[in-house]
Every structure is written in structure tokens, then in C-alpha cells.
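Residues per chain, in single letters:
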Amino acid sequence: MFSSCFWHDKKTLSDLSASNLFLCLSLGFSVFSDSCVWYGECGIASGDKRYNCEYNGPAVPLPKDGYDLVQELCPGLFFGNVSLCCDVHQLQTLKNNLELPLQFLSRCPSCFYNLINLFCELTCSPHQSEFLNATQTEPYIDPVTKQNKTSITELQYYIGETFSNAMYNACKDVEAPSSNVKALGLLCGKDPKDCNATNWIQYMFSKDNGQMSPIHGMTPMNNATKGCNESMDDATGPCSCQDCSIVCGPKPEPPSPPAPWLLLGLDAMYVIMWISYTGFLLVFFGVVFGVWCYRKRHFVSEYTPIDSNIAYSVHLRQDTGEATWCERFGEKFENALRVTFTSWGAFCVRNPRPVILFSLVVVVMCCSGLMFMKLTTNPIDLWSAPSSQARKEKEYFDAHFGPFFRVEQLIIQAPHTKPGIYSPYPSGDDVPFGPPLTKDILHQVLDLQDAVENITASYNNETIMLKDVCLIPLSPYNNNCTILSVLNYFQNSHSVLDHSIGDDFYVYADYHSHFLYCVQAPASLNDTTLLHDPCLGTFGGPVFPWLVMGGYDGDNYNNATALVITFPVQNYYNDTEKLNKALAWEEEFIKFVKNYSNPNLTISFTTERSIEDEINRESSSDASTVAISYVVMFLYISLALGHIRSASRFLVDSKISLGIAGILIVLSSVACSIGIFSYFGVSLTLIVIEVIPFLVLAVGVDNIFIIVQTYQRDERLQGETLDKQIGRILGDVAPSMFLSSFSETVAFFLGSLSTMPAVRTFSLFAAMAVFIDFLLQITCFVSLLGLDIKRQEKNRYDILCCVKGSEEISNVPHSESMLFLFFKNIYSPFLLKDWLRPIVISIFVGVLSFSIAVMNKVEIGLDQRLSMPDDSYVLEYFNSLSRFVHSGPPVYFVLEEGHNYTTLDGQNMVCGGMGCNNNSLVQQLFDAAEISSYTRVGYPPSSWLDDYFDWVKPQSSCCRVYNATEQFCNASVVDPSCVRCRPLTPEGKQRPQGEEFMRFLPMFLSDNPNPKCGKGGHAAYGSAVNFINNNTEVGATYFSSYHTVLKTSADFIDAMKKARMIANNITESMSLKEKNYRVFPYSVFYVFYEQYMTIVGDTIFNLTVSLGSIFLVTMVLLGFEMWAAVVVSATIAMILVNMFGVMWLWGISLNAVSLVNLVMSCGISVEFCSHVVRAFTISTKANRTERAQDALSHMGSSVFSGITLTKFGGIVVLAFSKSQIFQIFYFRMYLAMVLLGATHGLIFLPVLLSYIGPSVNKAKVRAAQERSKGTEREKLLFF
């Protein structure tokens, strides 16, 4: 027979006696006669702990005043005359020492039964001598009776292997709900996964050595045990699935990830688009070649040089047919627009002063609304719609449990410190300790932590410290701030950190051993080493190791390479005064940490206000970059508008003042839009300020160039006055301007139907700004143009209009710019050559195919690091966060008001302990944590209901009341008038229901944890339960856990999706839908990331609505030219699809910012396309190719100079911004939208029109002939 024996220190976890024990796990046995080893208590060991008295006689009948105790603790020994080897005092000691294990293990009755059996046999068994062997004693003289006695200071306890394994198997799965860990983590001294039967018992009895020695003549204690799947009696059932894995079967398995969509082993979209593109090329080039051969044989004259007379006669013969009613209607609509704008333009030129004055009055009236302007900087209001699910859930959570606290956090490294090594006494493997866990560094970090606590801020002549704003869960009983720090394992005390026990040669216990215990049992009030220091934080709650350390591997917290210190600060959404105090303290905190210097520590940090502060600072620092960008564009516009014929006439022919006026009109339209909506209380956002001027400048400047350059190319007719000339010009170009501006206005107004606040606000302000800009251009700008031409005709200098040149001219001669001539004589003919057009189409369709293939690969989300300036301290914090932190944000599963917790069925639907449903709320969350890699729920939930049931059990000392007043009596109070809340009867051991449930629940939620009762719910659950109807019913409650580590936007989005999926499953399994309440998850980031769950749908909706509105408006304003509207819409759709291709290539993710830019690019694309298409539809040239060339010649130069060159100069400046978000979402996307718009509008669209453009409108041709009859224009119409 062999046994392994272990020494038991006199201050063990259970402190059953003060004797030292050798624990022996025995593999054999012999039979001994019944006799005792001890009886009664003798000498004092330390404090109130006493040794037991040696006694070798038979068991002694227990006095009757001990019957209740033995029935409560050891009912298996209550038989016959109850002869035991213990007296009443020893039984009372046993009860006191089992209180904490009872609170953690009694949720699984069979587990606790086996454990208490172990200690009952040790303390009181009448057969002690069979398995106990006293090995060391010392004399003792009783001070009362003066009798000589012997105290047992050391003994051996022989335990059968069958018993020890069965006891372990029954307890290994038991949860500790308030700590999110296995209960054995508190009782085994190891990570639960490393704990087994041997080392658990070794730890309870403090291992000294692991020697194997032969033991003769002893019978191991091998009592019968209960499995966790067995019922104790008729009143109790087996342990729950959560506490006994064999009850619930195999561990849940996550579903396998969806297989990628592959064809031929490659990405399916790539293969499909490649095949489609190849098929298109074959068909397209086949058709082109066939048509070319056909025309070569039958219509040679159309492609050979011909003179004007032949062309004219041919065209006349081709158009002798009658116009359709649709063509006639379109011509009448077109003519109505022309006549209206012609009359209006002439009126504005004849009456410039009233028009300008009226425009100024309207602008001033609109801009007066700026006095009511409100700027929205709150990220929640920017990105989350008030009607969104996450916003409503956040408001529900805040209303019932209070707003989520503000987070101030430090991440600390010790890069210049070497790791330490801890050698346990007296034996054991060396344990490495990471650099920040060396004692010297811990002292320095504690100094820093103390300094943070002493930071003072001033607000309204009041001094603010951390204690004035921090989270204090146990107030007013405990006024310590919550500080989540590894130093709280040492009660934030230098002396506790230095506490050690040893002699001149060895250190038996110090901060190393205390740390190793606390990371496994953070809620412990006694570390069971020789130190016996508490692990519970000074604020009354546990400090979970995964929250305060980082950079470790697995669960080896001792290898941590970083410390994380979090200071939760109260949040006050509805109390501005208190919120401003917190903000003031945070400001001083930022200054302090920035200026803190310690060569041994590297610190990265953040506060709740940091991101908003840095965004505001970024906006201020980028103001200069944006200003330079606009100055570059303004200079270009001012200089490019004029057409200088000679150096001597530079100041006369320049149009700097007109350019500045045009720019001011653009800015005025933006200001008017802001002012109008400010009147109606619509808040402004930074996106509006940064994006809309760019958009309106593109639209407005394009229109300015079209008007001015059309005038410069026009020749005044004989007898025509200036007002009639400008009126005629406006009649020609204003319908095109109206087409583009009205299309964009309608598209943007419909875009405001979006539920995304940022997109909605942008769309509203943009629509109004574009429309007002158009109105000001056809009124104020036309009048200013007339005045500027008169100045030029009078030979007065630009800007210095009082200074006159040497000579006057009757009218300004028409001129054609170099750019116009380039487009007319070189670019247009070259682009539309027969051999080049198919190449252009094939290239653009190829790019489109590629963009379609990668559209679904554009990432969704926004890396929060991009929102920070390059030099921001928050960037360093984000980098440290992704490197070191091992836990994600907390997540709360909220059970809404309406559930009945006072009935057994209602309790079973929620709880996770014995008797609870296998699909209860807590059990489903527990199952989710078992597959955390899939669900992203990292830890089992903290369950107030399960801890309440453990707390209220009559076997524990937690729930007590004063028998006279029925008021709550804390377990630490020593008062004979304090009695159990519930009787120690079978009925009393059942869960409380009805009024009894509500009677004791407030006591549980107000009870602070203490050494006698670690289950007090004040710290852990003080805010988790909402009472209603004068505290007579339970309202909304939550069950908290933590997400796994979340680093990317995809991680955050997936975590929210999975949490909602889990909550929906719980709601369905609890059959709550028909009861009008539900379970929903809440985490602080949900309100920001919910937009990404619908961003694809929002994008499709916004862009589809924009394209649809552009199609309808274009069709109507082009005189119901449906095919022309289709061509415009298709080209804009191509630009948008190609924008997605650029986003994928350039690493631009899809989010609210990029969606705003996509909506804007839709508007800007109208400018690139609509003018060219309208010019094509009104052209009277002989065929599509010539009409496309004519349209490109006349509109291409204005579009190129008005949008492309203007924007290109301003965009290049944005590349030098310090802001990453500017560089990516503005520089890159703006550059892409301008280049794509220009290439599609000026290259692809003319070629497309030359192939499939709408046929000529016969009614419009005849109308043009009538207007030009008898003039030189008659023949020029067809060239």
C-alpha cells in the first residue's frame, strides 16, 4: 500500500483546525478499530485559531445543544447517540470555515455534499484513527481547569483516490457567476483547466512535498460520493448544465464558416467578369467590323471628304420626314426653356442694380439664420439615427441603469527592464515574471497611479479631484474609487506590495505568490498563502486579470509585458454641471500624462474626451490646408476666366473681379443653405463644412465657365444689343445648367431620405446650396457679367474700374481660347477616329468589369486610427491597444421590463444554477462563451439571480436579519439577535418566491462583500437590477460579460451581429415575443457600428435614388429624350462602379464618410455628363459621330477648364494634410471622382454617343433652321 502525503499549514483555506496536516492520497487500506485522534480545542495557534486536543479514546456522545449543528453540517453522522470525535466548539469552527466554500459551491449540491463530507470526516468522524495520524504535538495547560493537555500541531490525512477523483469531477464545472470564472479558480490556486483532483486537495491542504512513502496500517477515507448529475434528495435536483458538463452533453460546436464562392478554383466574381468581358469583346468587335464592312460597300460617301454644299443637301434630303409627336413636344419644351431664359437674361443685363440688390437682400436674409446655427460634434448624433435600433437600446439602457461610465486608461510598458524569475518555496518550477511585474516597476507604477488620484482641476472656482468624479460602487459605505489596476491586488498600497514572510535564508511568500493566487481568484478575501492578504479591490469588486494586463500568452498572466490601468469616471448626459467637472478633470489628466516623465516607463493613454478633442484639433489644423486648397482654386478661376489678347490689354481683358464675384456667389449659396436650415433647427456637421463647398464650387464654377466662355466665343449679331446677346447666350446654355443643377438638387433632396444622419444632413444642405447657387448664377452673376462686359467695352481696368485705358471699343470681339481650339481641331477629331473608338470602349468596359469583380471586396467600416492626426497621442494608444489588450468591451444582455422573477418558471427561464432550464438566458450565454471564437462572447455571464440564490440560502451566513426589527444584518456583524432570513428546513432551502423573493432581494443588492460572505451583490450588481412600483417588482435587469478582443471594424461588426443573434435566440426560447418584452445586447460601441450593418443597403438605396432622380429630371429637361437620359444615367452608374474599384485598389473602406463622397460624386458626374449629352441632342450635324464631335468641341473645353483643372489644383493640396482621414477620404476619393468623371465625360461618353446616341430630333432641326434663316449660321448649323 502506498500513499502520497502532503503537509497542511495551520492557516488553510478552510481553517478547520490549527493543526498541520499531511494529506495522503492512498491506494490501499487496512481495517482498524474505531477510535478518535482528537477531541476539543486546545492551545492558541494564532489570532482566534486554535489547535485541537489530542485524544485517543472512543467517540464521545455529542451534547444535545450541538444536534442542530451536526444535522446542518454532517447529517450522515447524526445517528444513534451521536457519538463523535468533536465537540460543539469544533462543529462551530467547521461551520464558520465552510461559509465561503458554501457560497461558491452550493449551487451544485452534490459537489458541496462531497466537499463537506471530506471535512466532516476529518473533524468529527468516529473512525478518525483509520485515516488520521498525528505526527507532531506540543504540551498545553488549560488556563481554566489547569489540566495538562496535548495540542496536535501536525497530522496526516489519508484520502482514497476514488473519493478524491469523484469529488473533483463533481465540482470541476461549477461556475462563480460574479467573477466570470470557474469556482475551482478560487479554491485550487491554479487556472481551472490546470486543476485536477490531486493538486486541488494539495492546494486546500497546502502542499509541502510530493514524496511517495509506504504507509502501513491505515484505511483511507473513501466515503460514498454523489456525481454532479445525481440528485441529493427529493428536494434537490442534479446540478445544472452550466455547473455539470455531463448533464448537458457535448460542448456546443460553432458552425463552419461559409465556403468561399469559387469557380475553377478562383474567385467566382473574377471568373464571371473575365468571361463576360471576353464575350463582350468578341461580340463588340464582331459587330463593329461587320458594320464597317457593310458601310464601306454601301455608304462610302459618308466617310469620304465632302464639301459643305453636298453635306447640306444630303442632310436636307435625310430629314424630309415628319417629326413625331414626342419630337414636337420635346422641341416645344426646349423652346419654352430657351425663350424663358433668353428673356430673363436680357432683363438681368438691362437692370443689373435692382437684380444685384435683390440678390444681396435675399442672401442676407438667408444668412441671418446663421445666428441660430448649431454644430453637431457628438459622434452619436453624427453616425446614429434617433430611430435606429442601437440608439433606442442605448437610451433604454441609460434610462434604466445609468449611462456607461467614461473611460480614462493608461497602458504602461517597462521596455528597459529585464524580466524577473520567481522560485517558489520550498519547491516548484521557476515562474517568469514580465518586466512590468517586477517589484521596482510596480512601485513606480503605483506612484504614477497615486499621482493621478491627486490630480486637481478647477471648475467654477471649485477644486475637482478623481474622487469627485470617479465611479464609487459601494458609496456611501466605501468611498474608494474604482481603479482597475494590478496594484489593486495589493490594495494600492506600497506596504502590502512589500509584504513578505520568510527568514534569513528563504522567502516563503511575497508579492509573487500573492499575485499568482489573485489572478486565479480575483474575488478572494484571503489568498490562503502565508500572507493572507485580500485580492478584492479596495472599491469592493474583483479586478479581472485580463482587464489589467496585456501582452501575455494564453492565461500566463505572469508573462505580461504591459499593465493596463483604467479609471472609470461617472458619465452625466443630463447634468451639464457634473459633466463639465468630469471634462475639466480629464483635461488636467491629459496635461499631466503628457508631461509625466519616467525613463523606466513608456505610457500610452486616452480619455473619454480624447477622440473628440483630437478631431476638433485636426479640423483646426487642417483649416489652413483646406484654405490653401480653396485659394489655389480661386486663383485659377480668377485668372482662367479672362481671355488676354495682348499684354497691354491684360488689366482690361482679365476677369479677376468677375471670377471673385462668381466665387462669392458659390460661398453665398453655401451660407444661405446653412442659414435656411439653421432657421428650422437642423444641426450642422463638420462633413457639411468640409464637403459641400467643394461640391458647390464644382457645380458653380462649371456653370460660370460655360456662360463666360460661350460669350467669349459668340459674335454679336448685326443690330443686336448687349442685353439681347447675353439673353440669347443664356437661352442656349441655361437649359443645360438647369438640367445639371436641378438633377443634382432632386438627387440630393431624395438622398435626405437616408436614415444615416451624416448622409441625410449632407444631402439636405447640398441640395439647397446647389439650387441657390443656380438661382444666383442666372440672376446676380448674369447682371455682373453684363456690367463687366460694359467695363471691358469702355476700356476700363479690371478691379480698378475707375482707371481707363487708352481706347474704347464698341463691342468686345469674339475669341476662341487655346483650349477650345485644341478640343475642336485636335482632340475631338482624334478621339472619334474609327480605329480609336473601339479601343476606348473596350478599355472602359474592361475597367468596369474589373470594378464589378472587386465591388464586394471593399472593406466596410472605419479604422478609428484614421480619424486622428498623424501626431496624435491617441494613435500611440490605439497601437498599444491592438498589441497588448486581451479583452474586448463589456457587453450587457438586457432583459426588458415585464418578466416575472418571483415564480419558479420565471426564475428557471433566466438562471443558470440547479433546476434552471437548459436553454435559460444564463445557460445560453454560457454556451456562447464556450465557443467564443465564433460568438465573440469571451466569458460566462455574471448572473445576479444565481448569486442571489446562493446568498439567500439558510446554510450560508449571508442573509441575516435582526429578529426584532427584520432589518438586514450584515454577515460581519457579531450579534446574537441576528438570525437567518429563512429557516433551515427543506422548504427554507428552496428558492424564495413571491413576496419572499422581493423581500430579500434589496438586501442582497445592498450587501457589501466581506470575509464572512463573499456573495454580497452591492459591488457586482448594484446597478444591474431596476426596481419598479415602489420596489415591489423587478423591472429591467442585465447580465454582463465581455467580448473577445476586437481589433478591426470587421471584428466589431461581427461581435454586434453575433450578440444580437444570441439575444434573439434567447427571446425566442423564452417565448417573450408575445409578451411585448425581449432580450437585447448592449455595448458602448454598438451605436457607432450599427451603421455598418446596413451600410450596403444604405449605399444601394442612396445611389439608386440619385440615379433614378437624375434619369427622370434629365429625360424631362431634355425634352423627353428618354434614350439620352439612359445614356447619362448609365455613364454616371459606370463612374460610381469604378469608384468602388478605386476604393478597393486604394484601401478606402465603405462608411458614412465615403458614402457621402459617393453621393457627391454622383452629383459631380452629372456636371461631366449632362452638358455634353445636351449639346449632342441639340446638335444638327449630319450623323452621330459629327454630333458627338460638335458637342465635345463646344462643351468639352468648358467642362475641362471649369471642373477638372479647377478641382485638380485644389485636390493636390489636400495630399499634404496632416489628417489621415483627409488624405484617404478626401484627397484620394476627390481625385478619383474628378479623374473618373473627366475621363468618362470627355472620353468615354462622346465615343458612346457616336455609337448609340439618341437620333436627331427633326422638330429641333427645323426650329434651328427657322431661327438661323437668312444668316451665316444657316450653313454653320451642320458643321
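Residues numbered from 1 in each chain as written. Predicted model: local features only at pLDDT ≥ 70, side-chain atom pairs only at ≥ 80, totals over all residues. Heavy atoms only, no water.

## What to know about the sheet that holds strand β26 (residues 890-895)
Counted only if it meets this: The criterion for strand pairing is that DSSP finds at least two bridges linking the strands in question. Runs of E in the DSSP output that reach at least two residues are strands. Runs of H or I that reach at least four are helices, and both are numbered from the N terminus. Note on definitions: angles span 0 to 180 degrees between N-to-C directions of axes, and those axes are lines fitted to C-alpha atoms, for helices only across the stretch in contact.
Pairing is antiparallel across the open sheet formed by four strands, whose spatial order is β29-β30-β26-β31. Of all the strands in the sheet, the pair left with one neighbour each is β29 (1025-1028) and β31 (1079-1082). The sheet shows a mean angle of 20 degrees between the axes of neighbouring strands, taken without regard to direction. One ladder, built from three bridges, connects β29 with strand β30 (residues 1033-1042); its direction is antiparallel.

## Considering the state of the cysteines
Think of a disulfide as a covalent bridge from one cysteine sulfur atom to another cysteine sulfur atom. The criterion, for reference: For the purposes of this analysis, a disulfide is any pair of cysteine sulfur atoms at a distance within 2.5 Å. Only protein chains enter the accessibility calculation, which uses a 1.4 Å probe. A residue is then buried if its area is under 20% of the maximum for its type, exposed if over 50%, and partly exposed in between.
All told, the structure shown has 13 disulfides when counted by the stated rule. What pairs with Cys 42 in a disulfide is Cys 53, and their sulfur atoms sit 1.7 Å apart. Residues Cys 42 and Cys 53 are joined by a disulfide whose S-S torsion is about 120 degrees; by sign, that bridge is right-handed. A residue pair is termed long-range when its members are at least 10 positions apart, and Cys 42 in strand β3 (residues 38-46) and Cys 53 in strand β4 (residues 49-54) qualify at eleven residues. For Cys 42, a relative accessible area of 0% puts it in the buried group. Take Cys 366: it sits in no disulfide, and the sulfur closest to it among the cysteines is that of Cys 672, at 4.3 Å. The exposure class of Cys 366 is buried, given its relative accessible area of 15%. Not part of a disulfide, Cys 367 finds its nearest cysteine sulfur in Cys 672, a span of 4.1 Å.

## Quick word on the nonpolar core
The criterion, for reference: Only buried residues count toward a nonpolar core. Its members are Ala, Val, Leu, Ile, Met, Phe, Trp, Tyr and Cys residues joined through side-chain atoms within 4.5 Å. Residue contacts follow a heavy-atom distance rule, with two residues in contact if any of their heavy atoms lie within 4.5 Å.
In terms of nonpolar packing, the biggest core is built from 217 residues, with Phe 762, Trp 951 and Phe 997 touching the most fellow members. The element best represented in this core is helix α43 (residues 1220-1252), accounting for 20 residues. With residues up to four places along the chain from it excluded, the contact list for Trp 951 reads Ser 956, Cys 958, Cys 959, Phe 968, Phe 1000, Met 1003, Phe 1004, Asp 1007, Cys 1013, Lys 1015 and Gly 1016.

## Notes on the packing of aromatic side chains
Basically, it comes down to this: Two aromatic rings, drawn from Phe, Tyr or Trp (for Trp, its six-membered ring), form a pair once their centres lie within 6.5 Å of each other, and the interplanar angle then sorts them: stacked below 30 degrees, edge-to-face above 60, tilted otherwise.
The full count for this structure, using the stated rule, is 66 aromatic pairs. A centroid spacing of 6.2 Å and a plane angle of 80 degrees characterise the contact between Phe 589 and Phe 605, whose relative ring orientation is edge-to-face. Note that Phe 589 is positioned in helix α21 (residues 576-595) and Phe 605 in strand β24 (residues 602-606), a separation of 16 residues in sequence. Of the residues examined, Phe 589 reaches a relative accessible area of 0% and is grouped as buried.

## Structural notes on the side chain of Arg 936
Using the following cut-off: Two N or O atoms count as a polar contact when they lie within 3.5 Å, although within protein this holds only if one can serve as hydrogen donor and the other as acceptor, and sequence-adjacent residues are included solely when both atoms are side-chain atoms.
The topology assignment puts Arg 936 in the loop between α33 (932-935) and α34 (944-952). Within polar-contact distance, the side chain of Arg 936 engages the side chain of Asp 1051 at 3.3 Å. Other than its neighbours up to four places away in sequence, Arg 936 contacts Tyr 1042, His 1043, Thr 1044, Val 1045, Leu 1046, Asp 1051, Asp 1054 and Ala 1055.

## Focus on the sheet that holds β24
The strand order across the open sheet built from four strands is β22-β23-β15-β24, with neighbouring strands paired in antiparallel fashion. Edge positions in the sheet fall to β22 (549-550) and β24, since each of these pairs with one other strand and no more. Here strand β15 (residues 406-413) pairs with β24 via five bridges, running antiparallel. Among the inter-strand pairings, Gln 413 is bridged to a residue of β24, identified as Thr 602. Running at roughly 15 degrees to β15, α21 makes contact with β15, β23 (562-569) and β24 of the sheet.

## Looking at the pairing of β23
The two faces of a sheet get side chains in turn, since along a regular strand they alternate between them. Of all eight residues in β23, eight are buried, a share of seventy percent or more. Side-chain alternation along β23 places Ala 562, Val 564, Thr 566 and Pro 568 on one buried face and Leu 563, Ile 565, Phe 567 and Val 569 on a second face that is also buried. The pairing of β22 with β23 spans two bridges and is antiparallel. Residue pairing for β23: Met 549 is matched across the bridge by Leu 563.

## With respect to the pairing of strand β7 (residues 132-141)
Relative to strand β8 (residues 148-160), β7 runs antiparallel, the two sharing nine bridges. Residue pairing for β8: Leu 132 is matched across the bridge by Tyr 157. Hairpin connection, β7 to β8: the antiparallel pair is bridged by six residues, and Lys 146 has positive phi, about 60 degrees.

## Topic: helix α19 (residues 511-518)
Since one α-helical turn is 3.6 residues long, residues separated by three or four positions face the same way. Across the eight residues of α19, seven count as buried, placing the element largely inside the fold. Taken together, the buried positions of α19 are occupied by Tyr 511, His 512, Ser 513, His 514, Phe 515, Tyr 517 and Cys 518. One side-chain oxygen at the N-terminal end of α19 lies 3.0 Å from the backbone nitrogen of His 512; it belongs to Asp 510.

## Side note on the confidence of the model for the protein
Note the following rule: Within a predicted model, pLDDT stands for the predictor's per-residue confidence, ranging from 0 to 100.
In this model, the protein carries an average pLDDT of 84, and 90% of its residues clear a pLDDT of 70 or more. For residues 25-32, every residue scores under 50 in pLDDT, and the model assigns this stretch 32 contacts once sequence neighbours within four places are set aside. Between residues 301-319, whose pLDDT stays under 50, and residues either more than four places distant or in other chains, the model counts 19 contacts.

## Concerning the environment of Leu 1245
Looking at where Leu 1245 falls in the secondary structure, it is placed in helix α43. In this structure, the C-alpha to C-alpha distance between Leu 1245 and Ala 1188, residues 57 residues apart in sequence, is 8.8 Å. In contact with Leu 1245, other than residues within four places in its own chain, are Val 1127, Thr 1131, Cys 1169, Val 1172, Val 1173 and His 1240.

## A closer look at the side chain of Gln 444
With respect to the element layout, Gln 444 can be found in helix α16 (residues 439-453). What Gln 444 contacts, discounting residues up to four positions off in sequence, is Tyr 596, Asn 598, Asn 600 and Leu 601.

## Examining the pattern of salt bridges
Rules: Here a salt bridge means any side-chain nitrogen of Lys or Arg lying within 4 Å of a carboxyl oxygen belonging to Asp or Glu.
Applying the stated criterion to the full structure yields 33 salt bridges. Linking Glu 393 and Arg 1060 is a salt bridge whose minimum nitrogen-to-oxygen distance equals 3.9 Å. With Glu 393 in helix α15 (residues 389-401) and Arg 1060 in helix α37 (residues 1049-1069), this pair connects stretches of sequence that are 667 residues apart. For the pair Glu 393 and Arg 1060, one class covers both residues: buried. Look at the salt bridges and you will find they share partners, linking Glu 393, Glu 896, Arg 1060, Arg 1078 and Glu 1090 into a network.

## Thoughts on the packing of helix α24 (residues 656-679) against helix α25 (residues 686-713)
Put simply, the rule reads: Roughly parallel means an angle under 35 degrees; roughly antiparallel means over 145; roughly perpendicular covers 65 to 115; every other angle is labelled oblique. Take the far helix as your reference; a near helix turned counterclockwise from it by less than a right angle gives a left-handed crossing, and one turned clockwise gives a right-handed crossing.
Where α24 meets α25, the closest approach of the two axes is 9 Å, and the angle between their N-to-C directions is 140 degrees. Relative to α25, the element α24 lies oblique. Two packed elements cross with a definite hand, and for α24 against α25 that hand is right-handed. Residues Leu 658, Gly 662, Val 666, Ser 669 and Val 670 of α24 pack against Ile 692, Pro 693, Val 696, Leu 697, Gly 700, Ile 704 and Val 708 of α25.

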